[in-house]
Structures are given as C-alpha cells and as structure tokens.
Amino acid sequence: MAPRQTFTFTPGIIVAALLTVAVVAFIAYLGVQLLRFAKPPTITVTDPATAVVEVDETTTGYTLRGTSIPGATITVTTPGRDPIRATADPDGAWSVDVDLRRGKNQFDVMATDPDTGKQAEDPAHVFISVPFSVVQAPTLTVDQPAEGATFENAAIPVQGTTTNAANVVVSATYLGPVPASATPKPTPKPTPKPTVKPGAKPTAKPTPAPPPVPPPQTVAVADDGTFSVPYELTAGRWSITVTAASPDAKTVSISRNVTVAYRGVNLVVVIKGGKAWLKAWVDGRVDERLGTAGKVISDGKTLTFSGQESIEIRTGSSGSTFFTLNGTSLGALGRAGVPETWLFAPPDPPVQTQHR
C-alpha cells in the first residue's frame with residue numbers, strides 16, 4: 001500500500017494565499033466604494049417617534065435624533081430660519097437642537113455624504129405643534145363704592161373681587177364741584193370765638209381751582225381674589241375707575257361716580273420752601289400732635305387736621321405754609337418768615353387772627 005501524501009505549507013503557498021486574500025479584500029473594498037458612490041446616504045428620525053407630534057404649550061425647544069451613515073452631514077431646515085447642521089458619529093447616530101414657536105413647526109432633515117456629495121433621496125419631515133395658550137380675560141366685581149354714593153371725608157373705600165388678574169389699579173377723574181344742595185351742613189356747636197386782629201379784613205374768597213387728581217394706585221390682589229384700598233379724594237364729583245389686568249395684558253374696567261362732600265373742616269397743611277414752626281387749634285382746642293408749645297415742621301412735610309367747626313393755624317413762616325381747605329387749594333396766605341395766625345371756618349373765607 002502506497003504511503004499517504006500530506007499537505008505541506010510551503011513559502012510559495014503562503015505567499016499565494018496572502019495575495020489571494022489581499023486581492024479579495026481589495027475587490028470587496030472596491031465593491032463597497034462602488035456601492036457607496038452609487039447609493040445615496042440614508043436618513044432616519046427616531047425622536048420624535050412619529051412625523052407629527054404635539055408638545056406642551058410651554059415647550060420652547062426640542063432635540064431631534066436619528067441615524068444615517070457614519071460621518072454624514074445632517075442639515076435641518078425650517079421655513080424662515082437658518083439651517084442647522086450636525087455630523088453623524090461613527091455609529092451613524094446624530095442629534096440636533098431646534099427652537100419651537102407657537103403653532104406648527106416644520107423641520108426638513110437631510111443627510112449628505114461628505115465624500116461623495118450625494119444626498120438622501122427622501123429627506124425626513126417632522127412637524128411639531130406647540131398649542132397657543134388660552135388667554136383668559138380677568139373678571140371684576142366692585143362691591144364699593146356704590147354708584148352715586150356720597151362720602152363726607154376723603155377716604156373712599158374701594159373693594160371688590162377679581163379672577164385671572166395680576167393686579168388692580170384704581171384711578172379717578174374729576175367731574176366738577178359739589179352741588180350746593182349736596183354739601184352737608186355741620187351741626188351747630190358752641191366753640192370759643194377767636195379774637196380777630198383789629199382792622200383785619202377777611203380775605204377775598206378764593207376762586208376754587210380744580211383739585212389735583214391723585215395718581216393711579218396699584219392694589220394687591222389677595223389669594224382669594226379680593227382687594228381693598230382706601231382712596232383719598234378731595235371734595236367734588238368724581239369718577240372712580242377700577243381696572244384689573246391679567247398677566248397677558250388683558251384688562252377689564254368698572255367705573256363708579258361718587259361725590260365727596262366734606263362735613264365740618266378738613267385742612268391739609270404743606271410746608272414748602274423751608275422749615276416752619278406750627279401750632280394748631282381744632283374746634284378751639286390745642287392739637288395734641290403739636291402741643292401747646294408748637295413744633296418746627298420740616299420742609300416737604302404734610303399735616304392734616306379735621307374739625308367740626310373751625311381749625312386755626314399759627315405759623316412762623318406764612319409764605320412757607322400752604323393750605324388746602326376741604327379740597328380747595330388756597331396756597332400760601334402770607335410772606336416767608338412772617339408769623340401769622342389763620343382761622344378756617346367754612347363756608348366763611350379764612351380770617352387772620354391774633355391767636356398765639
């Protein structure tokens with residue numbers, strides 16, 4: 001029996017095998033490259049999972065994710081905005097951050113092979129909708145003041161309730177003076193009669209000027225929607241307007257016409273142009289705030305006095321002391337640095353006295 005022949009690896013066989021493997025690999029590489037040049041890149045969007053999606057109304061951005069060929073250039077375009085580009089990683093994964101606006105946002109996603117310049121045959125389309133928030137106008141109820149109400153002092157209670165409001169603003173418009181028939185008459189009450197300076201004549205009754213309109217006042221709204229504020233007004237007929245505003249600038253307003261007719265005497269004293277020493281008598285009695293010795297009041301300070309029949313003011317500087325009587329501005333009644341005493345007992349005009 002002939003001996004069995006064995007296969008022996010010779011250097012020639014090894015070289016031939018290596019050459020064969022190299023040739024096969026080269027051919028495979030050429031095939032892959034030919035296929036790559038012949039075939040455009042793929043593009044797939046994995047997030048969002050569907051082409052049409054709706055997000056929460058507060059969403060302002062989204063991250064698009066997907067796959068393509070490794071190294072592909074991903075371009076995301078949307079009408080009216082600049083394109084956004086990214087590069088796929090070695091595994092072909094990519095992600096792009098986009099901004100969202102209210103309404104429908106359209107994104108067209110394209111992949112480009114940077115080596116061949118070929119683009120995906122069918123770009124991916126994504127539609128992300130952001131709902132428009134429902135803007136609710138505020139509601140407003142004004143409990144006080146009542147329409148046509150008359151008040152005998154300057155503090156008008158403004159109260160009510162509101163919903164969907166960030167704040168409430170109270171403002172006023174002057175409509176005219178108080179009709180004579182609406183002015184309340186004080187109850188007669190005996191009071192000490194001040195001594196009138198010999199030879200002094202009552203000042204001419206000033207022509208009433210329109211009172212200053214107070215600035216609008218912003219009122220905080222409580223957690224339960226209620227609001228309340230005392231609103232200071234001088235004598236006269238007024239239209240008070242309450243306006244509630246939502247965070248989205250939606251507003252609603254309610255107006256009430258009221259009359260402020262003082263009962264008795266309301267005197268506002270303002271020190272302007274320098275300090276002034278003051279002493280006051282309310283219905284013949286020394287005002288406790290200033291005392292029997294009086295006090296020096298700083299420039300810019302304001303004092304308010306209320307009485308039934310009369311208020312008397314002694315000032316060390318008449319030209320620096322300005323008076324507003326029952327909502328009517330009288331200004332300064334003398335000269336700076338000159339001490340004077342003035343009696344206010346409406347409806348009579350102010351009278352200069354000798355009271356010290």
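Reading guide: rules and limits
- Per chain, residues are indexed from 1 in the order of the written sequence.
- For this predicted model, a pLDDT threshold of at least 70 governs which residues receive local features, and a threshold of 80 or more governs which side-chain atom pairs are given and counted, while totals over whole chains, interfaces and linings are taken from all residues.
- Remark: hydrogens and water are excluded; side-chain values derive from all non-hydrogen atoms of the structure.
- Secondary structure elements follow DSSP: runs of H or I no shorter than four residues count as helices, runs of E no shorter than two count as strands, and numbering proceeds from the N terminus.
- The classification of residues rests on relative accessible area computed with a 1.4 Å probe and restricted to protein chains. Under 20% of the type maximum is buried, over 50% is exposed, and intermediate values are partly exposed.
- Every residue pair with non-hydrogen atoms within 4.5 Å of one another is taken to be in contact.
- Each accessible area is a Shrake-Rupley estimate made with a 1.4 Å probe; only the visible protein chains count as cover when residues are assessed.
- Along the chain, pLDDT gives the predictor's confidence residue by residue, from 0 to 100.
- The pairing criterion is simple: DSSP has to find at least two bridges between the two strands.
- Between N-to-C directions, angles cover 0 to 180 degrees, with each direction set by a line fitted to C-alpha atoms, over the stretch in contact for helices.
- Only the six-membered ring of Trp is used, alongside the rings of Phe and Tyr, when aromatic pairs are assigned; centres must lie within 6.5 Å, and planes under 30 degrees apart are stacked while those over 60 apart are edge-to-face, with the rest tilted.
- We count a charge as sitting over a ring when the NZ of a lysine or the CZ of an arginine lies within 6 Å of the ring centre and within 35 degrees of the ring normal.
- Note on charges: Lys and Arg go in the positive column, Asp and Glu in the negative column, and His and the chain ends are not counted at all.
- When a carboxyl oxygen of Asp or Glu lies within 4 Å of a side-chain nitrogen of Lys or Arg, that pair is called a salt bridge.
- Each polar contact in these results corresponds to two N or O atoms within 3.5 Å; when the atoms are within protein, one needs to be able to donate a hydrogen and the other to accept it, and residues that are neighboring in sequence are counted only if both atoms are side-chain atoms.

Scanning the chain from N- to C-terminus turns up 1 helix and 26 strands. Looking at the chain as a whole, 36% of its 356 residues are labelled buried. In the chain, the proportion of contacts linking residues at least 24 apart, taken out of those at least 6 apart, comes to 67%. Accessible surface computed for the chain: about 20,700 Å², of which carbon and sulfur atoms make up 57%.

It is worth spelling out the confidence of the model for the chain at this point. Summarising the model, the chain shows a mean pLDDT of 84, and 84% of its residues fall at 70 or more. Ignoring residues within four places in sequence, the model shows residues 186–192, a span with pLDDT below 50, making 9 contacts including any to other chains.

For the rest of this paragraph, the subject is the sheet that holds strand β3 (residues 61–68). Pairing is antiparallel in the open sheet, where 3 strands are placed in the order β1-β3-β6. Taken across any chain shown, the strands that pair with only one partner, and hence form the sheet edges, are β1 (43–47) and β6 (93–99). Looking at each pair of strands side by side, their axes are set apart by 35 degrees on average, direction ignored. Taken together, the 7 bridges between β3 and β6 define a ladder with antiparallel strand orientation. Counted as the bridge partner of L64 is V96 from β6.

Here the focus is the packing of aromatic side chains. Summed over all chains, the structure comprises 2 aromatic pairs. Where Y174 meets W238, the ring centres are 5.1 Å apart and the plane angle is 65 degrees; that geometry is what we call edge-to-face. Taken together, the residues Y174 in strand β12 (residues 167–176) and W238 in strand β15 (residues 236–245) connect sequence positions 64 residues apart. Judged by relative accessible area, which is 0%, W238 ranks as buried. Where F323 meets F344, the ring centres are 4.8 Å apart and the plane angle is 45 degrees; that geometry is what we call tilted. With a gap of 21 residues between them, F323 in strand β23 (residues 321–325) and F344 in strand β25 (residues 340–344) connect regions that are remote in the sequence. Residue F323 shares its accessibility class with F344, and that shared class is buried. Between the NZ or CZ atom of K272 and the centre of the ring of F322, over which it lies, the distance is 4.3 Å.

Of note, D108 is situated in strand β7 (residues 103–112). For D108, which is buried and forms no salt bridge, the nearest opposite charge comes from R81, at a distance of 11 Å. At 3.2 Å, the side chain of D108 forms a polar contact with the side chain of Q106. In this structure the side chain of D108 is engaged in a polar contact, spanning 2.6 Å, whose partner is the side chain of H125. Other than its neighbours up to four places away in sequence, D108 contacts T75, V76, T77, A124 and H125.

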